[in-house]
Amino acid sequence: MIKPAIPDNEAQRLQSLYSLNILDTPAEERYDRITRIACRLFDVPTALVSFLDEDRQWYKSKFGTDEQESPRATSFCGHALLGDGLFQVTDTWKDQRFVDNPTVTGDPHIRFYAGFPLRNIDGHKLGTLCIFDSTPRTLTDDEVALFHDLKLMVEHEIATVQLAVLDELTNIPNRRGFITLAQNCLNFCARQDLPATLAFFDLNKFKPINDKFGHKEGDLALKRFAKLMLHAFRDADVCGRLGGDEFAVLLSGVELKDASRVLERFKADVKDYNQIAQRGYDIEFCEGVITKKRVQNVTIDMLLKKADDLMYEMKHQGGIAR
């Protein structure tokens, strides 16, 4: 058996998955309908909508099995996730990657597998829509086209979930999405005994931008600020717009000394943008920064409140609140 490789962007892929807050949620008819249709269309006993977590394959929808999850190391879907199109194994007994896989040699005795990767609207692959059978077979071109249509239906349902946690204007997580994703990262830091730093940003003099230049220009300032955040901070950091002119970022595994250097670089990026853009106003902000060397029993809500309080204490001092 050959274990599926780990994608190069695994950390970002998992962040995208966790931002949906979909793992370990109850079954939903909108997904179950698709797996039922898949089994009927292709005359197979089992169909799954599965998501690939760090160490497991978890089934959001399952038809033909009572299992709720399985090890990622033995999953076919882990292999399917590495490609962009249909991943099809016509006969596992003739494929060295799977011939001695426990799901082939034992229940459910998989001989045929087909799966399409499922993408989030940010492009990251989250899991698969898959079907399998205990007898060998090959999908026809027409069947592949139908299967692809079902895959698009699942992605549409995923997108409706993602849009609920994504800020439509800036295209970064909204408050709900930030809290969900940042809490997952905080939990990871707790398990690994890593520090974490949260910075809370509030734009200064934002109302005059709207009043003088109009709301369209105000929206542009918010979008530019979000873009500058994404450029300055690491892919592993969690950025979000909490509402209005308030933003936050969680830096995992980073203490205050290193966070301060990153924030100074971010300030320099904003200053450079102001000098180049020459929009008739400057994007300015104040920040509150809180660091915890140990985050066991610490919630993201606790960090947000503390950083928010610190930010307002320093609002008129122009410094970093600690």
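As a starting point, this report considers the structure included with it. Here, residues in each chain are numbered from 1, in the same order as that chain's written sequence. In keeping with the predicted nature of the model, local features appear solely for residues at pLDDT of at least 70, side-chain atom pairs appear and are counted solely at 80 or more, and the whole-chain, interface and lining totals rest on all residues. Hydrogens are left out, water is left out, and the side-chain values use all remaining heavy atoms of the structure.

## Things to note about the overall build of the chain
So, step 1. A helix here means a DSSP run of H or I that spans at least four residues, while a strand means a run of E at least two residues long, and both kinds are numbered starting from the N terminus. Per the secondary structure count, the chain includes 10 helices and 11 strands.
So, step 2. Dimensions of the chain along its principal axes, counting C-alpha atoms only, are 70 × 45 × 30 Å.
So, step 3. Think of it in three bands: residues with accessible area under 20% of the maximum for their type are buried, residues over 50% are exposed, and the middle band is partly exposed, with areas taken using a 1.4 Å probe on protein chains only. Burial status across the chain gives 52% buried among its 322 residues.
So, step 4. Whether two residues touch is decided by their heavy atoms; if any such pair falls within 4.5 Å, the residues are in contact. Counting contacts in the chain only where the partners sit at least 6 residues apart, residues at least 24 apart contribute 67% of the total.
So, step 5. Only carbon and sulfur atoms are counted for the fraction: they give 51% of the accessible area of the chain, which is about 15,500 Å².
So, step 6. Positive charge is attributed to Lys and Arg, negative charge to Asp and Glu, and no charge count is given to His or to the chain ends. One atom stands in for each charge, and that atom is NZ of Lys, CZ of Arg, CG of Asp or CD of Glu. Here the chain holds 42 positive side-chain charges and 49 negative ones, and the gap between their average locations is 5 Å. Values of accessible area rely on a 1.4 Å probe in the Shrake-Rupley scheme; residue burial ignores everything except the protein chains shown.

## Looking at the state of the cysteines
So, step 1. Only a pair of cysteine sulfur atoms within 2.5 Å counts as a disulfide in this structure description. In this structure the tally under the stated criterion is zero disulfides.
So, step 2. In this structure Cys39 is not part of a disulfide, and its nearest cysteine sulfur, from Cys130, lies 9.7 Å away.
So, step 3. What makes Cys39 buried here is its relative accessible area of 5%.
So, step 4. You can see Cys77 has no disulfide; the closest cysteine sulfur is in Cys130, sitting 3.8 Å from it.
So, step 5. Here Cys77 falls in the buried class, since its relative accessible area comes to 2%.

## Considerations on the nonpolar core
So, step 1. To qualify as a nonpolar core, a set must consist of buried Ala, Val, Leu, Ile, Met, Phe, Trp, Tyr and Cys residues joined through side-chain atoms within 4.5 Å. With 52 residues, the main nonpolar core has Phe51, Ile131, Phe178, Leu198 and Leu250 as its most contacted residues.
So, step 2. With six residues, the top contributor of residues to this core is helix α6 (residues 175-192).
So, step 3. When neighbours within four sequence positions are excluded, Leu198 is seen to be in contact with Phe178, Val249, Leu250, Gly288, Val289, Ile290, Ile300, Leu303, Leu304 and Ala307.
So, step 4. Within the second largest apolar cluster, 29 residues are counted, among which are Phe201, Phe225, Leu228 and Phe285.

## Describing the packing of α6 against helix α10 (residues 300-313)
So, step 1. Note on geometry: axes are lines fitted to C-alpha atoms, helical ones only across the stretch in contact, with angles between N-to-C directions running from 0 to 180 degrees. Two elements in contact, α6 and α10, have axes whose closest approach is 9 Å; the angle formed by their N-to-C orientations is 110°. If you check the angle between α6 and α10, you find them roughly perpendicular. Across the interface between the two elements, Phe178, Ile179, Ala182, Gln183 and Leu186 from α6 touch Ile300, Asp301, Leu303 and Leu304 from α10.
So, step 2. For the contact of α6 with α10, the residue count by class is seven nonpolar, one polar and one charged. If an angle is under 35 degrees, it is roughly parallel; if it is over 145, roughly antiparallel; if it lies from 65 to 115, roughly perpendicular; otherwise it is oblique. Three categories are distinguished: nonpolar for Ala, Val, Leu, Ile, Met, Phe, Trp, Tyr, Cys and Pro, charged for Asp, Glu, Lys and Arg, and polar for the others, with Gly belonging to the last.

## Notes on the pairing of strand β9 (residues 246-252)
So, step 1. In terms of residue burial, β9 counts as a mostly covered element, since seven of its seven residues are buried.
So, step 2. Of the two faces of β9, the one carrying Glu246, Ala248, Leu250 and Ser252 and the one carrying Phe247, Val249 and Leu251 are both buried.
So, step 3. The rule for pairing is simple: two strands pair if DSSP sees at least two bridges between them. Bridge count between strand β7 (residues 196-204) and β9: seven bridges; the pairing is antiparallel. Within β9, the residue paired with Leu198 across the bridge is Leu250.
So, step 4. The turn linking strand β8 (residues 238-243) back onto β9 is made up of two residues, and Gly244 within it adopts a positive phi angle of 55°.

## Concerning helix α5 (residues 141-163)
So, step 1. The first and last C-alpha atoms of α5 sit 33 Å apart over 23 residues, in line with the 33 Å expected at 1.5 Å per residue.
So, step 2. Within α5, the full set of buried residues consists of Glu143, Phe147, Leu150, Lys151, Val154, Glu155, Glu157, Ile158, Ala159, Val161 and Gln162.
So, step 3. Looking at the buried side of α5, the elements it contacts are α1 (10-19), α2 (29-42), β1 (46-52), β5 (112-119) and β6 (125-133). Between the first and last residue of a helix there are one fewer steps than residues, each counted as 1.5 Å, and that sum is the expected span.

## Some points on the sheet that holds strand β4 (residues 87-89)
So, step 1. An order of β3-β2-β1-β6-β5-β4 is seen for the six strands of this open sheet, with the pairing classed as antiparallel. Edge positions in the open sheet fall to β3 (69-71) and β4, since each of these has one partner strand only. For this sheet, the mean inter-axis angle between neighbouring strands, taken without regard to orientation, is 25°.
So, step 2. In this sheet, β6 lies alongside β1 in antiparallel orientation, the contact comprising six bridges. Bridge pairing links Leu48 to Cys130 in β6.
So, step 3. In the packing of α5 onto the sheet, contacts are made with β1, β5 and β6, and the angle to β5 comes to roughly 40°.

## A short note on unusual backbone geometry
So, step 1. Here the bond from Asp107 into Pro108 is cis, since omega is 5°, no more than 30 degrees from zero.
So, step 2. Mapped onto the elements, Pro108 comes out in the loop between α4 (102-105) and β5.
So, step 3. With a phi angle near 55°, Asp43 is a residue other than glycine that sits in the positive phi range.
So, step 4. With respect to the helices, strands and loops of the structure, Asp43 is situated in the loop between α2 and β1.
So, step 5. Its identity as a non-glycine residue notwithstanding, Lys205 has a phi of 55°, on the positive side.
So, step 6. Mapped onto the fold, Lys205 is located in the loop between β7 and α7 (206-213).

## Considering the packing of aromatic side chains
Aromatic rings in a pair are described by how distant their centres are and how their planes are angled relative to each other.
So, step 1. Pairs were defined over the aromatic rings of Phe, Tyr and Trp, the Trp ring being its six-membered one, requiring ring centres within 6.5 Å. Orientation was assigned from the angle between planes: stacked under 30 degrees, edge-to-face over 60, tilted for the rest. Inspection of the entire model under this criterion finds 16 aromatic pairs.
So, step 2. With centroids separated by 4.2 Å and ring planes inclined at 10°, the aromatic side chains of Phe76 and Phe98 adopt a geometry described as stacked. Taken together, the residues span a long stretch of sequence, with Phe76 in the loop between β3 and α3 (77-80) and Phe98 in the loop between β4 and α4 at a distance of 22 residues.
So, step 3. On the numbers, 5.4 Å between centres and 65° between planes, the contact of Phe225 with Phe266 is edge-to-face. With Phe225 in helix α8 (residues 215-232) and Phe266 in helix α9 (residues 256-277), the pair connects residues that are 41 residues apart, well separated along the chain.

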